[in-house]
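Coordinates in review
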Amino acid sequence: MIIFSGISALISQFRPQKRISLLHTFAAAVDPSGPLLGLLGLSIETHSLKLSLQAHARAQRLGLTQHSLIAQKLIFSYSQFKRINDAHLVFESILVKNPHICNTLLGGYGKNQLFLGSLGLFREMCENSMLPFPDEFTFSIMFKIVGDFGEVSYGKMVQCWGVKMGLVLDTVVGNSLISMYDRCGFFYDCLKVFDEMPLRNISSYNALISGFARENVENVNNSLGKYKLWDFVRGMQSEGLEFDAFTISTLLPFCDKFCHGTELHSYIIKNGFDSDVHLGCFLIDMYSKNGRVDLGRIVFDKLKIKNVFTWTAMITGHVHCSEFDEALFLFREMQRINGVEPNKVSLVTILPACSSLTGLLGVKQIHGFAIRREINHELILCNSLIDTYSKCGSLSYANRVFEHECVYKDTISWCSIISGYGLHGQGQTAVTLFDKMLEKKIEPVTTVIVSVLSACCKSGLIDEGMRIYNTIVNDYKIEPTVEMCACMVDMFGRSGDLKRALDFINSMRVKPGPSVWGALLSASAAHENAEMQEVAYKSLVLLDPDNSSNYVSLSNLYAASKKWDVVARVRTVMKERGLRKVPGCSWISLNSETSSFYVADKSHPCSGLIYAVLDGLVSVMKLNSYSPDFVCFADVLE
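As annotated in an unreviewed UniProt entry, the protein chain carries the name Pentatricopeptide repeat-containing protein and comes from Castilleja foliolosa.

Written out as structure tokens, the structure is:
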């Protein structure tokens with residue numbers, strides 16, 4: 001073995017092809033199992049099935065098929081190449097099986113998505129005296145497999161066997177059990193296992209922190225859960241356990257409080273994690289989501305290694321903060337300076353910037369880039385292109401992507417194209433697509449339902465809207481959401497049937513929110529029903545007392561009715577609450593430059609010329625207007 005160790009060290013210096021030749025040359029060394037193990041390791045490293053078959057044939061010829069390490073490597077190699085039947089044959093040929101061989105086949109079953117096979121082998125190990133009893137690694141592997149499949153009932157059965165054999169007290173097994181319950185959605189069982197563990201390590205805390213994080217994602221408004229998460233983190237520190245990179249990367253996305261993020265950043269620098277590219281991406285994302293993309297840029301600039309993920313994170317940060325020019329600049333620099341090829345996520349990220357600055361032309365350029373790189377069939381990119389093309393006014397291109405490039409369509413694909421047709425006033429086509437989606441046995445989700453109901457609303461398809469609403473409630477047993485109900489109210493309101501809209505609100509199964517009363521308000525304003533407007537406004541003020549727009553609109557309504565005392569009271573309430581209406585903003589891109597305009601804005605360098613042209617347009621409009629209700633808006637703009 002000493003001789004072979006020296007040979008192996010020498011052979012490892014050569015390229016894979018040369019290493020294969022040398023391993024064959026030294027096959028007759030003192031210990032013939034050594035070259036075979038090296039050959040099998042090389043086949044796994046280079047993903048070469050041919051080498052694995054050659055190694056297996058040589059083991060047969062040399063009579064080494066009962067060698068436990070060689071058998072174990074063969075099982076692992078065949079499992080990697082998805083030849084689980086060959087792995088099983090190797091396993092069956094072993095006369096004396098040890099736990100390592102059994103665990104390797106067990107992991108192979110899990111890797112090849114053969115849940116029943118892994119469960120059957122585990123039961124044999126527990127009950128068959130011909131096989132070795134499970135060890136702690138057996139239980140860890142089984143908990144991982146159960147977590148992959150989400151079969152928590154089988155996980156509890158495995159846990160019972162672990163209790164019976166006294167292995168669940170092992171720290172590694174306990175960590176795997178926590179992870180299994182977390183992935184199956186049973187977070188409180190994670191806490192119970194954690195509390196019962198006699199010894200914990202950093203992996204134990206990481207597993208539970210991941211559970212806390214997942215629980216907070218699924219319950220976004222669960223502020224109490226977030227409070228407990230940071231309490232738990234402080235408790236972990238009080239026990240003298242140091243964070244590792246996994247702990248920090250799990251916590252950073254939940255730093256909605258800026259102080260937590262800066263504290264973790266300081267910890268990263270202090271403990272030498274600042275060169276970690278993975279953590280750099282999380283820091284950039286954290287700062288950007290807190291509105292400090294400038295700090296994210298400092299982190300980005302200090303990274304010694306920049307890959308496609310760090311560039312994409314920085315581009316995403318600028319897009320999130322509406323700094324589209326800088327996002328496009330980085331997108332070009334990524335390819336020009338570093339030669340980093342954008343991936344599908346990079347393209348999805350940059351699409352909003354292109355559509356905002358350069359419109360349809362920019363979206364086509366990104367689409368063409370994806371076609372040249374042969375990634376235009378990626379689902380996430382197709383969905384984004386459908387949505388962006390629709391919003392840029394090119395429904396034909398959106399439909400082309402949906403029909404020809406989106407090979408596999410998920411609910412987001414259907415929602416995007418249905419929403420696009422609804423946005424362009426083609427409600428009947430949106431309804432046809434929705435019916436086609438149901439025919440394909442795709443379960444309707446809230447976003448798709450809202451999209452098709454909104455399309456019916458905009459196109460005045462009341463009967464179709466009612467049919468779809470009744471179908472999803474009665475046939476699919478889906479509880480209507482506030483958004484669905486808002487679409488129905490808007491649909492009745494636009495048709496002028498305000499009484500029916502109000503009756504629908506009073507009969508809703510869910511509590512009406514601002515969107516519902518807002519829909520009634522818009523309809524009553526369009527049909528000049530002051531009584532219904534007042535009802536909607538009062539409800540909006542009660543539901544959303546910090547929204548200044550509700551107070552301004554209510555004040556304007558009372559002013560139109562000359563109820564000046566009520567107007568004064570509304571304005572006083574606004575002043576007491578410190579509410580102020582944010583001015584509206586519009587922008588236009590011309591010659592690659594974007595100009596922004598606010599109400600009564602004179603900061604633009606060409607504002608004098610702009611207002612002069614506007615005055616001229618108003619004069620032309622006056623000359624060509626015969627309506628006695630024509631109102632001049634020039635004074636409003638001034």
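Read on, since the account is not over.
1. Side note on unusual backbone geometry
Unusually for a residue other than glycine, Q113 sits at a positive phi of about 60°. By the element assignment, Q113 lies in the loop between α7 (99-111) and α8 (115-127).

2. Considering the layout of surface pockets
Volume-wise, the largest pocket comes out at about 270 Å³. If you trace the largest pocket, you find 17 residues lining it, with H265, I269, D274, V299 and K302 closest to the centre. Among the elements of the structure, α16 (258-270), α17 (277-289) and α18 (293-302) are those that each provide at least two residues to the lining of the largest pocket. Here the lining of the largest pocket is built from residues that sort into 10 nonpolar, 3 polar and 4 charged.

3. So, the UniProt feature "repeat: PPR" (unreviewed entry) in the protein chain
When the UniProt feature table is mapped to this numbering, "repeat: PPR" (unreviewed entry) covers residues 98-132, 170-204, 307-342 and 410-444. Within residues 98-132, the helical portion is 74% and the strand portion 0%, while the C-alpha atoms at the span's ends are 6 Å from each other. Secondary structure across residues 410-444 comprises 74% helix and 0% strand; the distance between its end C-alpha atoms is 11 Å.

4. Thoughts on the packing of α8 against helix α9 (residues 136-149)
Packing of α8 against α9 leaves a shortest axis separation of 11 Å and a crossing angle of 150°. Between α8 and α9, the angle is such that the two are roughly antiparallel. When the axes of α8 and α9 are compared, the crossing they make is left-handed. Residues F115, S118, L119, F122 and M125 of α8 form the contact with α9, whose participating residues are T138, F139, M142, I145, V146 and F149.

5. Some words on the environment of L303
Assignment of secondary structure puts L303 in the loop between α18 and α19 (308-320). For the pair L303 and G280, spaced 23 residues apart in sequence, the C-alpha to C-alpha distance is 7.3 Å. The contacts of L303, once residues within four sequence positions are left out, are D274, D276, G280 and T310.

6. Brief notes about the packing of helix α25 (residues 411-423) against helix α27 (residues 446-459)
One can describe the packing of α25 onto α27 by two numbers: an axis separation of 8 Å at closest approach and a directional angle of 15°. Between α25 and α27, the crossing angle belongs to the class labelled roughly parallel. Both α25 and α27 take part in a crossing whose hand is left-handed. Together, T411, C415, I418, S419, G422 and L423 of α25 and T447, V448, S451, V452, A455 and K458 of α27 make up the contact between the two elements. For the contact of α25 with α27, the residue count by class is 6 nonpolar, 5 polar and 1 charged.

7. A closer look at a nonpolar patch on the surface
A cluster of nonpolar residues, L609, V613, L617 and M621, forms a patch on the protein surface that exposes about 390 Å² of accessible area. Assignment of secondary structure puts M621 in helix α35 (residues 607-623).

The rules behind the values
- Throughout, residues of each chain are indexed from 1 in the direction in which the sequence is written.
- Predicted model: local features are reported for residues with pLDDT of at least 70 only, side-chain atom pairs are reported and counted for 80 or more only, and whole-chain, interface and lining totals are derived from all residues.
- The basis for every side-chain value is the complete set of heavy atoms in the structure, and neither hydrogens nor water enter the calculation.
- Comment: elements are numbered from the N terminus, with helices defined as DSSP H or I runs of at least four residues and strands as E runs of at least two.
- In this analysis, the protein atoms alone were mapped onto a 1 Å grid. Cavities are point sets where a 1.4 Å probe fits without being able to get out; pockets are open sets with protein on both sides within 12 Å along at least five of seven lines; lining residues have an atom within 4 Å of a point.
- Grid points are joined across faces, edges and corners, and a volume is the space filled by probe spheres set on the points.
- When residues are grouped by polarity, Ala, Val, Leu, Ile, Met, Phe, Trp, Tyr, Cys and Pro land in nonpolar, Asp, Glu, Lys and Arg in charged, and all others, Gly among them, in polar.
- UniProt positions are given in the numbering used here, feature names are shortened, and annotations may be inferred rather than shown by experiment.
- For helices, the fitted line uses only the C-alpha atoms of the stretch in contact; every axis is such a line through C-alpha atoms, and the angle between N-to-C directions lies from 0 to 180 degrees.
- Any angle that is under 35 degrees is reported as roughly parallel, and any over 145 degrees as roughly antiparallel; angles of 65 to 115 degrees are reported as roughly perpendicular and all others as oblique.
- Less than a right angle of anticlockwise turn of the near helix away from the far helix marks a crossing as left-handed, whereas a clockwise turn marks it as right-handed.
- Whether two residues are in contact is decided by their heavy atoms, any of which lying within 4.5 Å being enough.
- Patch criteria: residues need more than 30% relative accessible area and no salt bridge. Like-charged residues are merged within 9 Å; nonpolar side chains of Val, Leu, Ile, Met, Phe, Trp and Tyr are merged within 5 Å.
- Surface exposure here means Shrake-Rupley accessible area, sampled with a 1.4 Å probe, where a residue is shielded only by the protein chains that are shown.
- Salt bridges are counted wherever a side-chain nitrogen of Lys or Arg sits within 4 Å of a carboxyl oxygen of Asp or Glu.

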